[in-house]
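# Results of the structural survey
The primary structure of each chain is shown beneath.
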Amino acid sequence: MKTLDLALLGFGNAGRAFARLLVDKHDTILAQYGADVRVTAIATGRHGALVDEGGIDLRRILDRLERDDTLPGAIDRTAPDIAQNAAYDVLVEATPLNIRTGQPAIDHIRAALMRGKHAVTANKGPVAWAWHELRDLAKKNGVCLFCETTVMDGTPVFNLVDRTLPLAEVTEVSGILNSTTNFILERLAHGEDYDAILAEGRRLGFVEADPSMDIDGYDAAAKITALLNVLMDAGMTPDRVDRTGIGRITVADIRAAAARGSVIKLLCRGWRENGVVRASVRPVEVRQGDLLAAIDATSSVVSITTDLMGKLSVVEHDPLIEQTAFGIFSDVLRVVEETT
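All values derive from a computational prediction rather than experimental measurement.

What counts as what
- Residues numbered from 1 in each chain as written.
- Predicted model: local features only at pLDDT ≥ 70, side-chain atom pairs only at ≥ 80, totals over all residues.
- Heavy atoms only, no water.
- Salt bridge = Lys/Arg side-chain N within 4 Å of Asp/Glu carboxyl O.
- Helix = DSSP H or I, 4+ residues; strand = E, 2+ residues; numbered from the N terminus.
- Buried < 20%, exposed > 50% of the residue type's maximum accessible area, 1.4 Å probe, protein only.
- Core = buried A, V, L, I, M, F, W, Y, C linked by side-chain atoms within 4.5 Å.

### Quick notes on the pattern of salt bridges
One pass over the full model with this rule turns up 21 salt bridges. For the salt bridge of Arg 163 with Glu 337, the shortest nitrogen-to-oxygen distance reads 2.8 Å. With Arg 163 in helix α6 (residues 158-164) and Glu 337 in helix α12 (residues 321-339), this pair connects stretches of sequence that are 174 residues apart. The residue Asp 219 makes a salt bridge to Lys 223 at a minimum N-O spacing of 3.1 Å. Highlighted residues: Asp 219 and Lys 223, both in helix α10 (residues 218-232), separated by four residues, approximately one helical turn. With relative accessibility at 8%, the residue Asp 219 sits in the buried group. Among the residues examined, Lys 223 registers a relative accessible area of 12% and is labelled buried. Put simply, Arg 16, Arg 46 and Asp 69 are held in one network by salt bridges that share partners.

### Observations regarding the nonpolar core
Within the largest apolar cluster, 54 residues are counted, with the highest numbers of intra-cluster contacts made by Leu 113, Val 173, Ile 224, Leu 227, Leu 228, Leu 231 and Val 302. Take this core: its biggest share by element is eight residues, from α10. Formed by 34 residues, the second largest nonpolar core is a distinct cluster that contains Leu 4, Ile 29, Ala 35 and Val 332.

Structure representation (structure tokens):
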């Protein structure tokens, strides 16, 4: 039997949902993969850290957090310290995103890879800002680096290409990747008040207190950059994306588009032009009846065009935090497969 020890950096909603999956599926993983997957370190932003080389009792920790939001036995250790010094086999990076730099998540993953540890990231920052460096470092040290959760939660986008499209060259990537702007545009089209829409989105848990990163297109730019770096070897960063958000879209614009038989969507697109990968994020009119027009509420879609299989589209319908957790879970299982 193989033992695989994980260090979790970040233990917010996604980290906790992933931990619940590990608890629920522990015996199944053991039976089907012959692997005892344990968590030996957890670093949180507010509650300190837990370290136990014999394996942390996740069920007890999760129950305690649900009762009184405290972490029993927490010690004063930081995420960088755990990445650099703790005993683990796989680093799971799930700290909050810094969309303008990708830090400190980049440093966390770099530290793990340099130690010969595998890494799984739910944080899109490292993939958007430092993918080539981290990918090459993982190859140099013979370890895995997976990032399925960074775009469209647990939807198999990167794995779809990597595992099922051998020798197919990706020539274009496009899609609706930001659920907040999709939700706002749809509700505006129904005549709802902008502030009320934001309040509802916050109540549902997917609109941030400051939604400017979504509304101004920064989140979408980071996501299309991550896709292009992994799928098209773009070597680009989000600041190279031609970006226009939805801040200037008015109800009058939406009604005028409707009169023309169209809806407005924030579309991400990346393509190769004269040997260079270029990218854009901008509001576009989409004809009613088009697949993009049917992507409603918090759903997302990505379309991947290849030379051998043409254009493929994958839709994620109204995801919850469990879908994010599954993306991390599937990457950890892939590490198990790759190392046994």
